[in-house]
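Given next are the chains, with one letter for each unit.
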Amino acid sequence: MITGKYPSLRLRRTRKYDWSRRLVQENNLSSSDLIYPIFLMDGKNKKQPVRSMPGIYKYSIDQLGSILNNVVKHKIPMVALFPSTPINKKDKLGTEALNENNLVCRAIRFIKKRFKNNIGIMSDVALDPYTAHGHDGLLKNSYVINDETVKILTKQALIQAQMGCDVIAPSDMMDGRVGKIRKYLDKNRYHDVQILSYAVKFASNFYGPFRDAVGSKKSLKSDKKNYQMDFSNINEAIREVALDIKEGADMVMVKPGLPYLDVIQKVKENFKIPVLAYQVSGEYSLIKNGIEKNLINKNSIIESLMCFKRAGATAIVSYFALDIAKKLSFN
Ligand code: PBG
């Protein structure tokens, strides 16, 4: 592939000037590549810092208007909603997940009414924000049971679709849930609601700050290894994606992000489907703390996001999305 050799061949030539570096740049980052996650809390006029995520807050629904105005202004195509459910509404069965007036449902209605189809709304399907034990499904003898959980998830998905959710995102890692959800949505005439499957979700140690934010950290007594994937595996990741595509997923997610770029690349190589990456809470906090302590500089954020693009990600869920989109629009 390489023709010529040093000293006539010099790869530094194209790196000499900014215009030239821009000219040969192989990947690009724009606001349209970003998805902004938002934490919700009960109450009025509330903006509460998330302790383990500097710069990130939980908001009551009445605060969403101004945030979403910014999101739309900076051309971020979609937000992802995550509820911090009050502890007294959590129980063993995650009953609150099926309440049409739960935090997420109210937020979806609020956003749809105000912003119509000018922004996409994505919402997780999983029980962990609602269960007292913090697991994504129902527990029997401390094992998360699959089929009974999937029954509830299909109902949760339909309710969110009825509220106006555009993209249903099952993040629970139960077997067979994508197919069941697709069928149930279609049966109820929600054919146009998309499914973004968290197809490859690893049992990761990088989710800690998120669990703190949604209040599942204290309640979670064990790990999620009997349903989320072993971080040593990649063939299994391909099988998960193949299955979810067959079952009707429109897009797939790989999660966490930066330590799993090889997985993103492999999935992208094997399947011609949008592959999203999730730069999770632990990754966010590591970078953010590093910047605040002056260990690394701010451009590390853009670098991390560009690396996802280089690996082949179609879009990235990132807690940095809004800050970075503001910067990108002036570029
Ligand atoms: C739960 C869910 C998790 C995240 C998104 N949805 C955590 C978990 O599986 O325990 C993590 C996101 C993050 O760390 O930013 N279904």
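See above for the structure.
Rules and cut-offs
- Residues numbered from 1 in each chain as written.
- Predicted model: local features only at pLDDT ≥ 70, side-chain atom pairs only at ≥ 80, totals over all residues.
- Heavy atoms only, no water.
- Axes fitted to C-alpha atoms, helices over the stretch in contact; angles between N-to-C directions.
- Helix = DSSP H or I, 4+ residues; strand = E, 2+ residues; numbered from the N terminus.
- Parallel < 35°, antiparallel > 145°, perpendicular 65-115°, else oblique.
- Contact = heavy atoms within 4.5 Å.
- Nonpolar A, V, L, I, M, F, W, Y, C, P; charged D, E, K, R; others polar.
- Expected span 1.5 Å × (residues − 1).
- Near = heavy atom within 4 Å.
- Polar contact = N/O pair within 3.5 Å; in protein donor to acceptor, adjacent residues only side chain to side chain.
- Areas by Shrake-Rupley, 256 points an atom, 1.4 Å probe, with all protein chains shown as cover.
- Core = buried A, V, L, I, M, F, W, Y, C linked by side-chain atoms within 4.5 Å.
- Buried < 20%, exposed > 50% of the residue type's maximum accessible area, 1.4 Å probe, protein only.

Caption draft 1: Region of interest: the packing of helix α8 (residues 261-270) against helix α10 (residues 299-311). At their nearest, the axes of α8 and α10 sit 8 Å apart, and the two run at 30° to each other. Compared by their axis directions, α8 and α10 come out roughly parallel. Between α8 and α10, the contacting residues are Leu261, Ile264 and Gln265 on the first element and Cys307, Phe308, Arg310 and Ala311 on the second. Taken together, the residues of the contact of α8 with α10 sort by class into 5 nonpolar, 1 polar and 1 charged.

Caption draft 2: Highlighting α10. A rise of 1.5 Å per residue sets the reference length of α10, with its 13 residues, at 18 Å; its end C-alpha atoms lie 19 Å apart and thus fit the reference within 8%. Positive backbone phi, approximately 115°, marks Gly312, located one or two places after α10.

Caption draft 3: Molecular detail of the site of the ligand. Residues in contact with the ligand amount to 16 residues; listed here are only the nearest, Arg211, Lys224, Lys255, Ser281 and Tyr319. Here Ser171 contributes a side-chain N or O atom positioned 2.9 Å from a nitrogen atom of the ligand. Tyr319 is positioned with one of its side-chain polar atoms (N or O) 2.5 Å from an oxygen atom of the ligand. When the ligand is considered free in solution it has 410 Å² of accessible area, and contact with the protein chains removes 100% of it.

Caption draft 4: Representation of the nonpolar core. Ile38, Phe39 and Met122 are the most contacted members of the largest nonpolar core, which has 108 residues in total. Apart from the residues lying within four places of it in its own chain, the contact partners of Phe39 are Val50, Met53, Ile56, Tyr57, Lys58, Tyr59, Phe82, Phe210, Ala213, Val214 and Tyr319.

Caption draft 5: Seen up close, unusual backbone geometry. Note the cis peptide between Tyr6 and Pro7, where omega equals 15°. One can find Pro7 in the segment before α1 (18-24). Cis peptide bonds are those with omega within 30 degrees of zero, and the linkage from Lys255 to Pro256 qualifies with -5°. Topologically, Pro256 is positioned in the loop between β10 (251-255) and α8. Not every positive phi belongs to a glycine, and Lys75 is a case in point at roughly 65°. On the secondary structure map, Lys75 appears in the loop between α2 (64-73) and β4 (78-83). Owing to a relative accessible area of 60%, Lys75 belongs among the exposed residues under this scheme.

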